[in-house]
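So you can see what is in the structure, the chains are spelled out below.
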Amino acid sequence: MKWKTALEEMKPYKPGRSIEDVKRTYGLTHIVKLASNENPYGTSQEVLDYLDQNPLQYEIYPDGHSSRLRKKLAEKHGVSEESILFGNGSDEIITIICRALLDEGKHTIMATPTFPQYAHNAKIEGAAITEIPLKDGLHDLDAFLKAITKDTTVIWICNPNNPTGTLMPVGEIVDFLHHVPEDVLVVLDEAYFEYITDDQHVDSISLLEQLNNIIVLRTFSKAYGLASMRLGYGIAHPAVVTPLNKVRNPFNNNSLAVAVAEVAVQDKEFIEKCRSLNDQQRMRFKQFAAHHGLHMFDSQTNFVLIQVPSDADEASEFLLQQGYIVRSGNALGTPGYIRVTVGTEQQNDGFFTAFDKFLQQGGSHEE
Ligand SMILES: Cc1ncc(COP(=O)(O)O)c(C=O)c1O
């Protein structure tokens, strides 16, 4: 086969270990998965009731326009219906953007470390990639500006950033956007938007009133607790959405995902509850890290990147044996750290006990 040369050096996505696999390997009965930033509180009760009461017409193709959900989201965000692009998870929107704007001879800019799917998809398209190291955990937007060339077509800003959890103030992003050429698309990936509690933060969708070259990505996978449904969306000027829609597969969202998202989007109380509980629990991680003298990035998400006083793989393996699945920073470009999803109070109690055990064994930084 004459595969694209870019594929030679790439690896397929390696999912984290499943709960069943960990149970089997370590002979454990109770496992807590804190590795993929899912919602530990599940999904809205209204969604669960809907699923109980509404059988689907399985033989019928989905509404390829997702019209009812489109209307609800347009109202929620105060944008036109033509400003919305749906994806099979925001992952697919990232793929669509890369297919539409990147290929050999084109150039893209992103932070490092950041969400790996930007680089992954850009590589497949054969584009040149500039990765700008984070500065104090934040995107170094001055360096981004300097990296722009005549071939640059897409710039990625993950806000809050995965894996650090750090939030760029929208004011800084606005200054940056005013210096970016109008024919370069800036992607503001806000998968964790609903978890932000910083009251200075401004909803970046309002920037669409002044700027045509941005797309804001949101997802139902995180706070909405619907990761299994695979539904994300982008909001952009219709002049950006129309070309991206040419790349989108006609039925990329399944009927069930769209139907439950329509219900989920109405349950504002659920999102508020999750934001508040997550904030309280995130604070406990902050206190834990401070108590043990471990560095932790200031997170505005439902995960934290926390230092370990040893190799990150070793720490993750220890925690795994105690029944807690977390992500080693070695795989995320942050050696010396682990990324942990903020769980429920009870899950976190157990995690802190296991981590304490590790610190006692492996040498705590506690003074
Ligand atoms: C920053 C960021 N963007 C996008 C995604 C993709 O989310 P989904 O495809 O589930 O919408 C994730 C998932 O972890 C993420 O962390």
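Refer to the structure above for everything that follows.
Just so we're clear, the structure is a prediction, and the values are computed from it rather than from any experiment.

Caption draft 1: Quick peek at the site of the ligand. The immediate surroundings of the ligand are formed by 13 residues, with Ser90, Asp189, Thr219, Ser221 and Arg230 found nearest. One of the backbone N or O atoms of Asp91 is found 2.9 Å from an oxygen atom in the ligand. One of the side-chain N or O atoms of Lys222 is found 2.9 Å from an oxygen atom in the ligand. Taken together, the residues of the shell around the ligand break down into four nonpolar, five polar and four charged.

Caption draft 2: Inspection of the sheet that holds strand 3 (residues 107–112) at higher detail. Pairing within the open sheet is mixed, and its seven strands lie in the order 2-8-7-6-5-3-4. Bordering the open sheet on either side are strand 2 (84–87) and strand 4 (128–133), each of which pairs with just one other strand. Ignoring which end each strand starts from, the neighbouring axes of this sheet average 20 degrees apart. Across six bridges, the pairing between strand 3 and strand 4 is parallel. Bridge pairing links Met110 to Glu131 in strand 4. Relative to the sheet, helix 8 (residues 238–247) contacts strand 2, strand 6 (185–189), strand 7 (214–219) and strand 8 (232–236), its axis offset from that of strand 2 by approximately 35 degrees.

Caption draft 3: Quick look at the sheet that holds strand 9 (residues 303–307). Strand order in the open sheet formed by three strands is 9-12-11, and the pairing between neighbours is antiparallel. Either end of the sheet is taken by a strand with one partner, and the two such strands are strand 9 and strand 11 (327–328). Alignment of strand 11 against strand 12 (residues 337–341), held across two bridges, turns out to be antiparallel. Its bridge partner lying in strand 12, Ser328 is registered against Ile338. Against the sheet, helix 10 (residues 268–292) touches strand 9 and strand 12, its axis set at about 5 degrees to strand 9. Contacts between helix 11 (residues 312–321) and the sheet are confined to strand 11 and strand 12, with strand 12 contributing the most and set at about 40 degrees to the helix.

Caption draft 4: Helix 11, seen in detail. Those residues of helix 11 that fall on the buried side of the exposure criterion are Ala312, Ala315, Ser316, Phe318, Leu319 and Leu320. As for helix 11, its buried residues are in contact with helix 1 (19–26), strand 10 (324–325), strand 11, strand 12 and helix 12 (345–362). Capping the start of helix 11, Asp311 holds a side-chain oxygen 3.1 Å from the backbone nitrogen of Asp313, two or three residues further along. Positive phi shows up at Gly323, right after helix 11, with a value of about 100 degrees.

Caption draft 5: Summary view of the packing of aromatic side chains. For the structure on display, the rule yields 18 aromatic pairs. Judged by centre distance (4.8 Å) and plane angle (50 degrees), the ring pair of Phe220 and Tyr224 falls under tilted. In terms of burial, Phe220 and Tyr224 fall into one category: buried. Ring centres of Phe351 and Phe352 lie 5.9 Å apart, and the angle between their planes is 65 degrees; this geometry places the pair in the edge-to-face category. Look at Phe351 and you get buried, because its relative accessible area is 0%. Look at Phe352 and you get buried, because its relative accessible area is 8%. Clustering of aromatic rings is evident, with ring pairs tying together Phe285, Phe288, Phe318, Tyr324, Phe351, Phe352, Phe355 and Phe358. A cation over an aromatic ring shows up here: Arg218 above the ring of Phe193, its NZ or CZ 3.6 Å from the ring centre. Across from the ring centre of Phe303, 5.6 Å away, lies the NZ or CZ of Arg339, which sits over that ring.

About the criteria used
Residues numbered from 1 in each chain as written. Predicted model: local features only at pLDDT ≥ 70, side-chain atom pairs only at ≥ 80, totals over all residues. Heavy atoms only, no water. Near = heavy atom within 4 Å. Polar contact = N/O pair within 3.5 Å; in protein donor to acceptor, adjacent residues only side chain to side chain. Nonpolar A, V, L, I, M, F, W, Y, C, P; charged D, E, K, R; others polar. Pairing = 2+ DSSP bridges. Helix = DSSP H or I, 4+ residues; strand = E, 2+ residues; numbered from the N terminus. Axes fitted to C-alpha atoms, helices over the stretch in contact; angles between N-to-C directions. Contact = heavy atoms within 4.5 Å. Buried < 20%, exposed > 50% of the residue type's maximum accessible area, 1.4 Å probe, protein only. Phe/Tyr/Trp six-rings, centres within 6.5 Å; stacked < 30°, edge-to-face > 60°. Lys NZ or Arg CZ within 6 Å of the ring centre and 35° of its normal.

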